[in-house]
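So you can see what is in the structure, the chains are spelled out below.
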Amino acid sequence: MSYTANRYENMIREYILDQQSDSYNARNINFQRYNNLKIYMEPSKIKEPHFWVRIGISEACFLIQDGTLLSGSIGADTKFIPKWLNKSGIRDELMLTWEDAQKVEYDEVSKNE
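The rules behind the values
- Residues numbered from 1 in each chain as written.
- Predicted model: local features only at pLDDT ≥ 70, side-chain atom pairs only at ≥ 80, totals over all residues.
- Heavy atoms only, no water.
- Helix = DSSP H or I, 4+ residues; strand = E, 2+ residues; numbered from the N terminus.
- Buried < 20%, exposed > 50% of the residue type's maximum accessible area, 1.4 Å probe, protein only.
- Contact = heavy atoms within 4.5 Å.
- Pairing = 2+ DSSP bridges.
- Axes fitted to C-alpha atoms, helices over the stretch in contact; angles between N-to-C directions.

(A) Main features of the side chain of Asp77. Following the sequence through the fold, Asp77 ends up in the loop between strand 4 (69-72) and helix 2 (80-85). Overall, the relative accessible area of 2% leaves Asp77 in the buried class. Excluding anything up to four places from it in sequence, Asp77 contacts Ile16, Gln20, Arg33, Tyr34 and Ile55.

(B) Summary view of the sheet that holds strand 2 (residues 50-55). With respect to topology, four strands assemble into an open sheet ordered 1-2-3-4, the strand pairing being antiparallel. Both edges of this open sheet fall to strand 1 (38-40) and strand 4, since each of them pairs with a single strand only. The mean inter-strand angle of the sheet, taken between neighbouring strand axes irrespective of direction, is 20 degrees. Where strand 2 and strand 3 (residues 58-63) come together, six bridges link them in antiparallel fashion. Across the sheet, Ile55 pairs through a bridge with Ser58, a residue of strand 3. Its contacts with the sheet place helix 1 (residues 5-21) against strand 1 and strand 2, and it is angled at close to 130 degrees to strand 1.

Take a look at the structure:
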């Protein structure tokens with residue numbers, strides 16, 4: 001069973017905030033900035049397994065396989081996403097979610113035909 005988008009959003013939010021709290025400017029972290037962090041996948045638009053991260057009006061697309069940035073930017077936070085992907089089990093769970101997303105999309109297309 002794959003995680004929900006909300007679970008991934010919480011995991012990334014916690015990871016970024018944890019990484020930033022270890023940095024020299026820990027007092028300047030804007031916690032509210034990450035309240036609207038969103039994760040989504042678009043199998044119909046990009047065929048390679050990927051996910052989008054949106055923070056405010058910025059968004060970036062990353063490959064699940066290796067964390068390569070495909071498109072966009074989320075500013076200084078972009079560097080944290082590949083590191084988060086390297087955490088144990090994250091990549092495998094994202095692949096399960098990707099497979100589920102493809103099935104849902106296929107079912108939606110089949111219903112419309």
